[in-house]
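A closer look at the structure
Listed below, chain by chain, are the residues.
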2 protein chains.
Amino acid sequence: MDIVEFFQQSTGKWSSLRTSHNMAVKQQEGGRSDIVIEMLDQTDPEVIKLCELYKVDPTSALCGVRVTWNGTMEWDQEKHSGSTVLVPLTDPAAPNEGQLLREVGYAKKAPVSGRYLMNGEELTLTTESESMSSKERFWFESPNVRLRHSILKRSGGFSMTSFCSEIRMGVANPPEKAADQATTM
Amino acid sequence: MDIVEFFQQSTGKWSSLRTSHNMAVKQQEGGRSDIVIEMLDQTDPEVIKLCELYKVDPTSALCGVRVTWNGTMEWDQEKHSGSTVLVPLTDPAAPNEGQLLREVGYAKKAPVSGRYLMNGEELTLTTESESMSSKERFWFESPNVRLRHSILKRSGGFSMTSFCSEIRMGVANPPEKAADQATTM
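Described in the following lines is the structure provided in the data block.

The rules we used
- The written sequence of each chain sets the order in which its residues are numbered from 1.
- Working convention: letters from A go to chains and numbers from 1 go to ligands, in the order in which they are written.
- Where totals are concerned, whole chains, interfaces and linings use all residues; where local detail is concerned, this predicted model gives features only for residues with pLDDT of at least 70, and gives and counts side-chain atom pairs only at 80 or more.
- Side-chain metrics in this entry use all non-hydrogen atoms of the structure; hydrogen atoms and water are not considered.
- A pair of Phe, Tyr and Trp rings is counted when the ring centres sit within 6.5 Å of each other, with Trp represented by its six-membered ring. The angle between the planes then sorts it: under 30 degrees is stacked, over 60 is edge-to-face, the rest tilted.
- For helices the rule is a DSSP run of H or I covering at least 4 residues; for strands it is a run of E covering at least 2, with both sets numbered from the N terminus onward.
- Type-normalised accessible area, obtained with a 1.4 Å probe on protein chains alone, sets the label of each residue: buried when under 20%, exposed when over 50%, and partly exposed for intermediate values.
- A ring is scored as having a charge over it whenever the NZ atom of a lysine or the CZ atom of an arginine sits within 6 Å of its centre and within 35 degrees of its normal.
- The contact definition used throughout considers only heavy atoms, calling two residues in contact when any of these lie within 4.5 Å.

A word on the packing of aromatic side chains
Scanning the entire structure with this criterion turns up 5 aromatic pairs over all chains. Geometrically, the ring pair formed by A:Phe6 and A:Phe140 is tilted, given 5.0 Å between the ring centres and 55 degrees between the ring planes. In this pair, A:Phe6 sits in helix 1 (residues 3–10) while A:Phe140 sits in strand 8 (residues 132–142), placing the two residues 134 residues apart along the sequence. For A:Phe140, a relative accessible area of 15% puts it in the buried group. Here B:Trp14 and B:Phe140 contribute two aromatic rings whose centre-to-centre distance is 6.2 Å and whose plane-to-plane angle is 50 degrees, an arrangement assigned as tilted. Taken together, the positions of B:Trp14 in strand 1 (residues 12–22) and B:Phe140 in strand 8 (residues 132–142) put the pair 126 residues apart, joining distant regions of the chain. Chaining the aromatic ring pairs together yields one cluster made of A:Phe6, A:Trp14 and A:Phe140. Positioned over the ring face of A:Trp14 is A:Arg146, at 6.0 Å from the centre of the ring. Over the face of the ring belonging to A:Trp139 we find B:Arg137, whose NZ or CZ atom lies 4.3 Å from the ring centre.

Structure (structure tokens):
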């Protein structure tokens, strides 16, 4: 699977359960959100605008993706909503990886550029800055179940991990009710 | 990395944060536990006993591992504790995968046999039965930070995902306090 196919499979509306583990203070926090993912054409004004922001030739954009989220986190029960545009660029030297432009970063609310890597069916996004790095892994357990894991690291210390379980909304056969109790190991 | 090296790196005491996502009713549940992982020799009586239970030649055991856990889950605040022994067997046809014997299964408290697969630095364990299947992925973000993800599936429906972030106990330099607020996407 290449990154354009991965984004195409991701399009639609998703119901997402999110948990963050704060590894320093050993606390966890849950949340839930609705996520909408839309493909944008290479010639979409938002794609061109993002390429121009990074001084990149828009013809090197493989596609564009708009991600919109609307959710709540346990800690405040307030609405957290936002949207961002992602644009992966071609890399002639490496078909499965390259630069990824973001309108809003994962950890910083500012434009940030990172890398994408398709490893088989799994997508990894990384961003690095002087003070922090983030890594996100995305994979499908089925066409309608997408899982995500991310880790934020600061100055050599691991600070926060997050996990999301996402189910496509409006699927005719929702998952069955959870059954046997798994071990709590 | 092979599975024996993976288990060797896993030995020690770990502080684990665990979250389960019940994907049918869209609820999540947190917990925490202390986990102790010990290597057992191929000639350890527990390894030999487990091999005999499965009618397997004990000399095909690569090693043995004893996992002991002690924790609490949010739903009842009671202690959940237990232990199990795992024994990976050699598979002459495939150096990175093979059968894995378990004293206690992931989803069932009975002996269950599954498969292991080392894919680079990541370990995947799978078990299948007529009514359910489970898949667990384990990887190290650093020698002292281990992450786990599991998914339980019943009769074609996804029922439960779990995520664990584990930090080795007694490490001299604990992770830094979590910093910037990540996006809640």
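Examining the environment of B:Met169
Residues and elements named next belong to chain B. Looking at the element boundaries, Met169 is found in the segment after strand 10 (157–168). Taking the relative accessible area as the measure of exposure, Met169 reaches 38% and is therefore partly exposed. Taking the C-alpha atoms as reference points, Met169 and Trp14, separated by 155 residues in sequence, lie 5.2 Å from one another. Those residues in contact with Met169, other than ones at most four positions away along the chain, are Lys13, Trp14, Ser15 and Asp34.

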